[in-house]
Amino acid sequence: VNKVPVLSYLESLGRRKIAVMVLLMLGFVAYLDYATPVEVSFLTIYWIPVALATWLLGRAWGLGIGLFAVAFGTITEWYQGRRFDHTFFFVWETATRTVSFVIFAWMVAELRRAHKEQEQAKAGLETVVKKRTQHLERTVGQLKAFSYSVAHDLRRPARSASVFSEIALTSGKGVDEETRKNLERIVDAGRRINGMLDGLLQLSRLSQAQPAPESVDLTALARSVVDELKAQEPGRRVEVVLPAGRLEVRCDPNLMRILLQNLLENAWKFTSRASAARVEFGAQTADGEKSYFVKDNGIGFDPAYSDQLFQPFHRLPSAEGFPGMGVGLASAASVIEAHGGRLWAQGRPNQGAEFRFTLEQSE
Amino acid sequence: MTQPLLLVDDDADDADIFVFAAKKAGLKRPIRVASSGEEALKLILKEGFSPIAVLLDLKMPGLGGLEVLRRLREAPSTRNLTVFVLTSSPLESDQLESKRLGCSLYFVKPSSLEGYVELASKLAALLPARV
């Protein structure tokens, strides 16, 4: 609802001052009416104090000032020498004026009421939105704490299950072949559960992270991540392309390292079956927006599944046979979300994948 | 006589796993298990039990590990007792507080037998072989 500055100033004066002002204004208009020749009509000028009285003081005041305006108009005309040939003409003239003022005051009053209702509705809506937002924030906070504590508490029984099976397996006492296989399965399942819980804890911690932005050179960060990957698998030959110069960005260095680790590890992993593996990290500006990308020529993915890529523990069918729990890209998405940016992916089966992200414009 | 190692953990499974791993890692010392912070303090401060070191869990019902550590540091007889923390909490705040109270090493509980054996052999290397 738009506020008219003059009106909101007048409203702030208080009813007593407004009443005095309206009455003075009415008197002034009546004086002007009297001072000018009878041919100059002041009918519409009388509407101003009536409108102000109705808007600022209410319907009753509007009607009262309206009746005074009719009386003043008639009296000044009388003093200016206007006479009617017949009493009926006088009555007719006064009655039409009265009706016109009543209608006018009523219209302004209705307008005022609609205006007030609109204001109240808006204020009510704001309160509702505020309350809901608080409720949602609280719920999300509780859910985050809950998922953390569940993941944390589940580690104990998972650990017991897998380690005691391992102890049974390695105890040296003879177990038959079938029991041995079953125990191995329990060990394996326990390890998988533990891996997933570790992933869940990592995601949970990331979702609560508050970025502390500083100036970071993404080229250097990507290079150190790539060096780690090379050190882990010295036997692999991968052509890595990084930007020639520095790439200064304002972001949280620890979170950004996690992001680049996950994206580059992903590219590194899914190019392991390519004959001439190639991984590229770079930046690009299109339509005034700067985005960063990690591109590879690995197994790619079916674009139909692109929205599932970032869901935790969700692995695409094509990822079968590659290590991982399906936490890396979800972690990457979490980091980008904390930075107020966007992360998306493009790819085709066996034609590589490209992950692209933006960071919040620092303005 | 070999001074034993005191393991304080409310979870019997975790305690058993450690004892098994210690045997596997060649840690020759006897291991005494206290299943609560209260029990550990009673053994050491009241009954004169004197371990070579304490391996302490943090999250326990009743007296938590950090409180046990604090009380051990307050008592003159145990001010310099070697204490290791073995907990499932990876939180940095717990690590910092443990270090501040003078724990020698902070271990996060491993999730595999292999990890436990590695941890036990690390401890075996740190502790003197004989008194």
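Data block above holds the structure.
All figures in this text were calculated on a predicted structure; none of them were measured in a lab. (Residues numbered from 1 in each chain as written. Chains lettered and ligands numbered in written order. Predicted model: local features only at pLDDT ≥ 70, side-chain atom pairs only at ≥ 80, totals over all residues. Heavy atoms only, no water.)

Visitor: Break down the overall build of chain A for me, citing the residues and quoting the values.
Guide: For chain A, the helix and strand inventory stands at 9 helices and 7 strands. Here chain A, with 363 residues, has 34% of them falling under the buried criterion. For chain A, the share of sequence-separated contacts (at least 6 apart) that also reach a separation of at least 24 residues comes to 70%. In the form shown here, chain A has an accessible surface area of approximately 21,700 Å², with 58% of it arising from carbon and sulfur atoms. (Helix = DSSP H or I, 4+ residues; strand = E, 2+ residues; numbered from the N terminus. Buried < 20%, exposed > 50% of the residue type's maximum accessible area, 1.4 Å probe, protein only. Contact = heavy atoms within 4.5 Å. Areas by Shrake-Rupley, 256 points an atom, 1.4 Å probe, with all protein chains shown as cover.)

Visitor: Describe the interface of chain A and chain B, and please don't skip the residues or the numbers.
Guide: On the chain B side, the residues contacting the 14 residues of chain A number 22 residues. For the pair chain A and chain B, the two sides together bury roughly 1,500 Å², of which 54% comes from carbon and sulfur. On inspection of chain A and its partner chain B, the count reaches 5 salt bridges. Measuring nitrogen to oxygen at the nearest pair gives 3.4 Å for the salt bridge that ties Arg156(A) to Asp57(B). In this structure, the connection of chain A to chain B is made through 7 residue pairs in polar contact (both at pLDDT 80 or more). Those elements that provide at least two residues to the side of chain A that touches chain B are helix H5 (87–170) and helix H6 (177–207) of chain A. Of all the elements, H5(A) adds the most residues to the side of chain A that touches chain B, at 11 residues. For the side of chain A that touches chain B, a count of residues per class yields 4 nonpolar, 5 polar and 5 charged. (Buried area = accessible area lost by both parts, 1.4 Å probe. Salt bridge = Lys/Arg side-chain N within 4 Å of Asp/Glu carboxyl O. Polar contact = N/O pair within 3.5 Å; in protein donor to acceptor, adjacent residues only side chain to side chain. Nonpolar A, V, L, I, M, F, W, Y, C, P; charged D, E, K, R; others polar.)

Visitor: Would you mind going over the sheet that holds strand S3 (residues 53–56) of chain B in detail, with residue names and values included?
Guide: All names here are of chain B. As summarised here, the arrangement of the 5 strands in space is S2-S1-S3-S4-S5, forming an open sheet in which the pairing is parallel. Of all strands in the sheet, those bounded by a partner on one side alone are strand S2 (31–34) and strand S5 (105–108). Here the average twist between neighbouring strands, direction ignored, is 20°. (Pairing = 2+ DSSP bridges. Axes fitted to C-alpha atoms, helices over the stretch in contact; angles between N-to-C directions.)

Visitor: Tell me about a nonpolar patch on the surface, residues and numbers included.
Guide: Residue and element names in this part refer to chain A. A grouping of Phe28, Tyr31, Leu32, Tyr34, Ile75, Trp78 and Tyr79 is seen on the molecular surface, where their side chains present a nonpolar patch of about 830 Å² in accessible area. Looking at which element gives the most residues to the nonpolar patch, the answer is helix H2 (residues 15–35), with 4 residues. Counting through the fold element by element, Tyr34 comes out in helix H2. (Patch = residues over 30% accessible without salt bridge, like charges linked within 9 Å, V, L, I, M, F, W, Y side chains within 5 Å.)

Visitor: Quick one: what's the story with the sheet that holds strand S7 (residues 353–357) of chain A, residue by residue and with numbers?
Guide: Residue and element names in this part refer to chain A. Ordered in space as S2-S4-S5-S7-S6, the 5 strands form an open sheet in which the pairing is mixed. Strand pairing shows two members of the sheet lacking a second neighbour, strand S2 (238–241) and strand S6 (343–347), which therefore form its edges. Recorded for the sheet is a direction-independent mean angle of 20° between the axes of neighbouring strands. Two elements, S2 and strand S4 (residues 277–286), share 4 bridges in a ladder whose sense is parallel. Within S4, the residue paired with Val241 across the bridge is Glu280. The strands touched by helix H8 (residues 253–270) are S2, S4, strand S5 (289–296) and S7; relative to S7, the strand with the most contacts, the crossing angle is about 170°. Each of S6 and S7 touches helix H9 (residues 328–338); the most contacted strand, S6, lies at about 140° to it.

Visitor: Tell me about the pairing of S2(B), and please be specific about residues and values.
Guide: Every regular strand shows the same layout, with side chains that alternate between the two sheet faces. The pairing of strand S1 (residues 5–8) of chain B with S2(B) spans 4 bridges and is parallel. Bridge assignment links Leu5(B) to a residue of S2(B), and that residue is Ile31(B).

Visitor: Can you break down the pattern of salt bridges residue by residue, with the values?
Guide: Enumeration over the complete set of coordinates arrives at 34 salt bridges over all chains. Ionic pairing is found between Asp14(B) and Lys109(B), a salt bridge with its closest N-O pair at 2.7 Å. You can see Asp14(B) sitting in helix H1 (residues 12–25) and its partner Lys109(B) sitting in the loop between S5 and helix H5 (113–126), a full 95 residues away along the chain. Look at Asp14(B) and you get buried, because its relative accessible area is 2%. Since its relative accessible area comes to 3%, Lys109(B) is described here as buried. Salt bridges sharing common partners tie together Arg156(A), Arg159(A), Asp9(B), Asp10(B), Asp11(B), Asp14(B), Asp57(B) and Lys109(B).

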